[in-house]
Amino acid sequence: MIKAILIFNNHGKPRLSKFYQRYSEDTQQQIIRETFHLVSKRDENVCNFLEGGLLIGGSDNKLIYRHYATLYFVFCVDSSESELGILDLIQVFVETLDKCFENVCELDLIFHVDKVHNILAEMVMGGMVLETNMNEIVTQIDAQNKLEKSEAGLAGAPARAVSAVKNMNLPEIPRNINIGDISIKVPNLPTFK
Amino acid sequence: MALKMVKGSIDRMFDKNLQDLVRGIRNHKEDEAKYISQCIDEIKQELKQDNIAVKSNAVCKLTYLQMLGYDISWAAFNIIEVMSASKFTFKRIGYLAASQCFHEGTDVIMLTTNQIRKDLSSPNQYDTGVALTGLSCFVTPDLARDLANDIMTLMSHTKPYIRKKAVLIMYKVFLKYPESLRPAFPRLKEKLEDPDPGVQSAAVNVICELARRNPKNYLSLAPLFFKLMTSSTNNWVLIKIIKLFGALTPLEPRLGKKLIEPLTNLIHSTSAMSLLYECVNTVIAVLISLSSGMPNHSASIQLCVQKLRILIEDSDQNLKYLGLLAMSKILKTHPKSVQSHKDLILQCLDDKDESIRLRALDLLYGMVSKKNLMEIVKKLMIHVDKAEGTTYRDELLTKIIDICSQSNYQYITNFEWYISILVELTRLEGTRHGHLIAAQMLDVAIRVKAIRKFAVSQMAMLLDNAHLIASNTQRNGICEVLYAAAWICGEFSEHLEEANQTLEAMLRPKVTTLPGHIQAVYVQNMVKLYASILQQKEQSGEKEAAQEITQLMIERLPQFVQSADLEVQERASCILQLIKYIQKLQIKEVPVAEEVIALFAGELNPVAPKAQKKVPVPEGLDLDAWINEPPSDSESEDEKPKTIFHDEEQRHSRHRQPEIDEEELARRREARKQEQANNPFYIKSSPSPQKRYQDTPGVEHIPVVQIDLSVPLKVPGMPMSDQYVKLEEERRHKQKLEKDKKKKKQKKEKRGKHHRHNSLHTESEEDITPAHHVDIITEEMPENALPSDEDDKDPNDPYKALDIDLDKPLADSEKLPVQRHRNAETLKSPDSEAPPVEKSKKPKKKEKKHREKERDKGKKKEKEKKVVEEEEEKKGEDLDFWLSTAPPPVSTAQPQSGPEVSAAVVAEPEEVKKEEREEQQEEDEGKVSSKSSKHKKKKHKKEKEEKSKDKKKSKKKHHSEEEATESVQNGTLDDEPLPPMSSYRLLAENPYIKMTYDIQGNLQNDSQVTVSVIFENKSTSFLKSMELNVLDSLNTKMLRPEGSSVHDGIPVPFQLPPGISNEAQFVFTLQSIVMAQKLKGTLSFIVKNDEGSTHEKLDFKLHFSCASYLITTPCYSDAFAKLLESGDLHMSSIKVDGISISFQHLLAKICFHHHFSVVERVDSCASMYSRSIQGHHVCLLVKKGENSVSIDGKCSDSTLLSNLLDEMKETLSKC
């Protein structure tokens, strides 16, 4: 079982938090902080497993994480999950994000956390891995987006126009925080089916 | 209307959407909190609008704020509104918000049931999908119960997208509503073979998750999984299945054998490291489960170790980490094969990655030997010095202590070295583990007598330099060592050379800054010191010196009397008075030393931490009974309801699965014993530590190695352990040389006879003898301590509820509740309302078939129970058949003893037993009573969930049937506690082994009894190759395996390490059972100890009493009356005088020892019934007079009756 999925940046700002066990909001923040603290002090070329934090459940649990440019993707899992499998799953997740957002960068995650949640929901459900095939995930996401668009219809068009205008007026949004090395493959790890 | 809507949405267009909110927060970095509270106010306004688009926008923003740590539960109702929007866009937002913030405590969650049901059955698959996803995060027991049936239907949805989600969510439903597992399981199993790989993978996922918690219930799926494993190409599925097999193999060693080959193939063929790693892991699990019996799997071990070495050597840190992790698993069973890679693991200690270093440390723990301990610890000490983070340093510290102290200090050859290592460790600053070092110091000093002198000198040094250690007390845990130092110096003060100096060190004013509990120990131990100094001075006639020391105490003690710590204050003032009194006596020139020292006479021995817990409760002592009258109700009204409720809850949980619990326990215990027996690192504690302790020679007999005084002992902080390493090396070298010399001599002598013998001698571990004879005192335990598993139980395990037997047919009442429109006239429970679910029909049909078959065979004893049993058997057979295609198993390793009869169970709380008895009784009642109750019998199946309900029902029935007399079941009507009784009797005993036995009739076979024998190893040697043989009589024969002659013994299927007991069962066949019988027999075994092994024999007489042929069979009072009236029974009676125990106990005794059950009891008169394995009825009427008991018996066989009564007389006369 996956206990929690966290995405935060190099400064520990949460970009997505998904807990599959009930924790109060305060505890959730504490867990994010603690996890960030554990993960961020590790060098780049050390192993991607950490024996669990204190807050999120005990000796059976492990933190499995990957670091892409400005973002940390952390999965907290128990012993029924394969460590290397989860690493691959993170890779699949990031690649899927890359496909859905076309060259994903941290800003996409900042402004569209709801979409990231929707993508994640097609991969992991209630803490269990639902789908690992990227094409299948993208197909379902696309179909749902299409459905959304058709529902918005007339009323949606002006709203989209407005948000485009809003974005135009704000030149200060930096566009260059790209997750440049998004397609880095783990050495010696053949991609997973 | 449409225009209005468009207009409305244009108005709202300039509301903040999620992006605006995020942007706003980023632009208000300085006053983020203020800005957000503004936004929340806006959101509250938006939520009041009717427009669903506005609402959903607000909820979407709330979801974002939730991530930032804001509690949004106040908007729960609005979230539900958005969830129920008709558009998918909004619905999705609503469900996302719900999944992030709803939980079991959310009160409005019950409002969602119907909405979710509607969405589940929506024609749009994405509505359904989004509802399932949301539900998976916030499902509650109520939702699970109400929606289980809907979700189950979705498992067969046409779209695989829905199917896989429905399958996956079932796991969550099972967790919250365990009753749904059995009805849903058949369909879940079907999904393992779903055409869609995603659905299949989901099903595998769920079953693996279930099986991980309760593997034994899923053993029967092994063939199916095996097929999947060999056919699937999906690595996710393969990994899950392989992990599952890893959990199943410990339960079924034959499965492991079947797995080895395909797994090995996968290891060779796969290119995915993740799969390879899991395969290696499972092979290791298989090897562990087989290690008991299979010596020739070295090839597989080699393969694993090789592959792991490749992983560890890989440049990828992840693989390195996992390689080490898996290596540590192999280490447990095959330490030799790992030890050859010591170089690699020591190398990993230098890795820059902390996780890897920690893993390597774990491995080191298992790799030390007498030879390399010092070297390894030396290396670790270097790391301690280098380590920067306190966590890693603390970890190193605990590891060093763990490594050294493991298995009773097995690997330490030089304790001086160890003490100096501990002293060196005290130099660590800021460690949290001061108490750990202290505990070690105490333990070593107490248990290794020979080291006390040295330890005391070191501790005195520590006390002298206490100011260094306790420099900053607040955050310094290391001052704990002073606790140990003070105690050791006090307790073993006779070894102290400069006691005066130490006493002064302890009386320094600085001491008062130490934590209270340490000061308390200081105070107590300075008196011990004082006492021994006093004695010393008095003996040498230095009266003045003695008075001086007294004066010193009187001067310095008041600083402790003023302490704020209560303990310190109390001890100090008490002692101050004592010393003042001593001073008075001294002035009168009365010699006092002898009396003062008498205060601290005697030795303190170590006591095992669990010792108190293991003291068996003596017979007749009831710990739950009130000592005084219970307080009156009025006083405790507030508290009482709570405790009652609590009690009931506990009892309830027991109700559910008492048997499984015990079996499980016994199984675990068995497994553990087995593991211990095979674990080379497990040192068995000797059976009677006290005895051993007495045998040990006193301190004076132990040669104490002269301490090399060239080593500057008293320089604080100087690492000395290196010196000891050198000394030790020299010693070993010398030793070796001596040995070699001896050998050469021998060689010279033997040269003529043996040529190339002994020429290739390498130094092995055994050759290193400890520096001095070390006598390690084991911890004290009560004499008859039982091996208990109490500690392993976790009553709060949420997965325990899912421990459900899935192979039993489904009962009517187990179907999932189906929601319907409520009918005005019925308000039944959902259970009774439910129409039959199609699945449950299948097993029923099977049942019927079975029954027909049986009828055809003409068996009259038609028992529902049997049918069920047979079905189970059949399933078992299926698995057996599948497994048996593998090479035949090696039987010696399989523990045979039945868990139900293990000795520990006898000591279980009486309550549980009563419980079982009642249950059994009820099951059996069906049989004895006439055919009309066939209907009832159906319900008497073993299903636990139903049990309690049924019980109540049937009980009610009984009451109405026989209102006149109160029926008593097995004489346990009153809650009066019964003394613990054991049916195990002594069979034979010698200094090596003790055998106790019990005989039970066999329900299935009318001419067999099972003899359970508990073998207890009383010696300190290893007992093996036990073989039990009995001289058969004409009437009674031991059942031997086919092909063996009557003179062959039966091997006992286990070996016994010292102090361990285990149980084996032997089956005997008999012809006539009317007479008691005795069989002569012999147990032969091999005693193996350090000196070698010897053959031993123990003769015994196995006594088959007539009572052992009886089977406790309950009987209705009307059936009993009929039986008595029938007149086929012979009668006989006895009378026993001088009975003092209560009637209640008396009945319990007869029930327990003679296998009777109470039919009726009126005052001090009871009728009892039992049946022999060959169907003889035995009826008793027991009457109790003032001091006597009379028993009238009726039986279908007069000889049997008279023999039974004789036996009973014997039992009763002992009362």
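Let us look at the structure shown here. Quick caveat: nothing in here was measured; it's all calculated off a predicted structure. (Residues numbered from 1 in each chain as written. Chains lettered and ligands numbered in written order. Predicted model: local features only at pLDDT ≥ 70, side-chain atom pairs only at ≥ 80, totals over all residues. Heavy atoms only, no water.)

1. Side note on the overall build of chain B
In plain terms, the rule: Only DSSP runs of H or I with at least four residues qualify as helices, and only runs of E with at least two residues qualify as strands; both kinds are numbered from the N terminus onward. Here the term buried applies to any residue with accessible area under 20% of the maximum for its type, exposed to any over 50%, and partly exposed to those in between, with areas from a 1.4 Å probe on protein chains only. Contact definition: two residues touch when any of their heavy atoms are within 4.5 Å. Values of accessible area rely on a 1.4 Å probe in the Shrake-Rupley scheme; residue burial ignores everything except the protein chains shown.
Along the backbone of chain B there are 49 helices and 15 strands. A burial count over chain B gives 51% of its 1215 residues as buried. Summarising the internal contacts of chain B: among those between residues at least 6 apart in sequence, 71% fall at separations of at least 24. Here chain B has roughly 59700 Å² of accessible surface; of this, 51% comes from carbon and sulfur atoms.

2. Focus: the overall build of chain A
Along the backbone of chain A there are five helices and seven strands. Residues counted as buried form 56% of the 193 residues belonging to chain A. Surface accessibility of chain A: about 7900 Å² in total, with carbon and sulfur atoms responsible for 53%.

3. Describing empty space enclosed by the protein
Cut-off, in case you're wondering: Two kinds of site are reported from a 1 Å grid over the protein atoms alone, namely cavities, where a 1.4 Å probe fits but cannot get out, and pockets, open sets with protein on both sides within 12 Å along at least five of seven lines, and residues are called lining when an atom falls within 4 Å of a point. Grid points are joined across faces, edges and corners, and a volume is the space filled by probe spheres set on the points. Any residue that is not Ala, Val, Leu, Ile, Met, Phe, Trp, Tyr, Cys, Pro, Asp, Glu, Lys or Arg is counted as polar, Gly included; the first ten are nonpolar and the last four charged.
A full pass over the atoms with the stated rule returns 14 cavities of 30 Å³ or more. Roughly 210 Å³ of internal volume is contained in the largest cavity. Surrounding the largest cavity, 23 residues form its lining, H117(A), N118(A), A121(A), V130(B) and T133(B) being those nearest its centre. Elements with a contribution of two residues or more to the lining of the largest cavity: α4 (113-123) and β6 (124-125) of chain A together with α6 (88-101), α8 (125-138) and α10 (160-176) of chain B. Residue classes in the lining of the largest cavity are distributed as 11 nonpolar, eight polar and four charged.

4. What to know about the interface of chain B and chain A
Put simply, the rule is: Buried area is understood as the total, over both parts, of accessible area removed when two parts are fitted together, assessed with a 1.4 Å probe. Salt bridges are identified by distance alone: a Lys or Arg side-chain nitrogen within 4 Å of an Asp or Glu carboxyl oxygen. In protein, a polar contact means a hydrogen-donor-capable atom and an acceptor-capable atom, both N or O and within 3.5 Å, with residues adjacent in sequence counting only if both atoms are side-chain atoms; elsewhere, any N or O pair within 3.5 Å suffices.
Contacts between chain B and chain A engage 72 residues on the former and 76 residues on the latter. Interface area, chain B with chain A, both sides summed: about 6700 Å², of which 55% is carbon and sulfur. Inspection of the chain B/chain A interface yields eight salt bridges. Across the pair K13(A) and E32(B) runs a salt bridge whose closest N-O atoms are separated by 3.9 Å. Applying the counting criterion to the chain B and chain A interface returns 32 residue pairs in polar contact (both at pLDDT 80 or more). Of the residues that constitute the side of chain B that touches chain A, the class distribution is 28 nonpolar, 22 polar and 22 charged.

5. Comments concerning the pairing of strand β2 (residues 993-1001) of chain B
Residue and element names in this part refer to chain B. Applied cut-off: Strand pairing requires that DSSP identify at least two bridges connecting the strands.
Bridge analysis of strand β1 (residues 985-989) against β2 gives four bridges, and the strand direction is antiparallel. Within β2, the position partnered with A988 by the bridge is M995. Between β1 and β2, which pair antiparallel in sequence order, lie three residues. In this structure, β2 lies alongside strand β3 (residues 1008-1017), joined through nine bridges in antiparallel fashion. Residue pairing for β3: Q1000 is matched across the bridge by T1010.

6. A short note on the packing of helix α14 (residues 235-248) of chain B against helix α15 (residues 253-269) of chain B
All names here are of chain B. Put simply, the rule reads: Lines fitted to the C-alpha atoms define the axes, with helices restricted to the stretch that makes contact. Angles between their N-to-C directions range from 0 to 180 degrees. With respect to orientation, any angle under 35 degrees is reported as roughly parallel, any angle over 145 as roughly antiparallel, any angle of 65 to 115 as roughly perpendicular, and every other angle as oblique. Left-handed describes a crossing in which the near helix is turned anticlockwise from the far one by less than a right angle; the clockwise case is right-handed.
At their nearest, the axes of α14 and α15 sit 11 Å apart, and the two run at 150° to each other. In this view, α14 runs roughly antiparallel relative to α15, as classed from their interaxial angle. When the axes of α14 and α15 are compared, the crossing they make is left-handed. Packed against α14, whose contacting residues are I242, F245 and L248, the element α15 presents L255, L259, L263 and L266 at the interface. Residues that form the contact of α14 with α15 fall into these classes: seven nonpolar, no polar and no charged.

7. Brief notes about helix α12 (residues 197-213) of chain B
All names here are of chain B. For clarity, the threshold we go by: Expected helix span is computed as 1.5 Å times (number of residues minus one).
For α12, spanning 17 residues, the distance from its first C-alpha to its last is 25 Å, which sits close to the expected 24 Å at 1.5 Å a residue. Among the 17 residues of α12, 14 are classified as buried, and the element is accordingly described as predominantly covered. The distance from a side-chain oxygen at the start of α12 to the backbone nitrogen of G198 is 2.8 Å, and the residue carrying that oxygen is D196.

8. A closer look at unusual backbone geometry
All names here are of chain B. We note that S1025 has phi near 50°; this positive angle belongs to a residue other than glycine. Within the element layout of this structure, S1025 appears in strand β4 (residues 1022-1030). The exposure class assigned to S1025 is partly exposed, which follows from its relative accessible area of 45%. Despite not being glycine, H1155 has its phi angle at roughly 65°, a positive value. As for its position among the elements, H1155 is in the loop between α48 (1143-1154) and β12 (1157-1162).

9. Some details on the packing of aromatic side chains
Here is the rule we go by: Each Phe, Tyr or Trp ring, with Trp reduced to its six-membered ring, pairs with another whose centre is within 6.5 Å; inter-plane angles below 30 degrees give stacked pairs, above 60 give edge-to-face pairs, and intermediate values give tilted ones. Charge-over-ring contacts are defined here by two conditions on Lys NZ or Arg CZ: a distance within 6 Å of the ring centre and an angle within 35 degrees of the ring normal.
Within this structure, the stated rule accounts for 19 aromatic pairs over all chains. Judged by centre distance (5.8 Å) and plane angle (70°), the ring pair of Y409(B) and F415(B) falls under edge-to-face. An aromatic cluster of at least three residues, connected via ring pairs, comprises F8(A), F36(A), Y65(A) and Y72(A). Directly above the ring of W74(B) sits K44(B), whose terminal nitrogen or CZ lies 4.9 Å from the centroid. When the ring centre of F226(B) is taken as reference, the NZ or CZ atom of K258(B) above it lies at 5.5 Å.

10. Notes on the pattern of salt bridges
According to the stated counting rule, one finds 41 salt bridges over all chains in the structure shown. K165(B) is paired through a salt bridge with E122(A); the nearest N and O atoms lie 3.7 Å apart. Of this pair, K165(B) sits in helix α10 while E122(A) sits in helix α4, on two different chains. For E122(A), a relative accessible area of 5% puts it in the buried group. Because the salt bridges share partners, they merge into one network encompassing K3(A), D78(A), E209(B) and R212(B).

11. Here's the deal with the sheet that holds β1(B)
All names here are of chain B. Overall, antiparallel pairing links the five strands, which are arranged β1-β2-β3-β7-β5 in an open sheet. The open sheet is flanked by β1 and β5 (1036-1038), the only strands paired with a single partner. Going from strand to strand, the sheet's axes swing by 30° on average, the running direction of each strand aside. Where β5 lies against strand β7 (residues 1061-1070), three bridges are found, and the strand directions are antiparallel. Bridge pairing in β7 places K1037 opposite T1069.

Taken by themselves, the reported measurements are silent on function.
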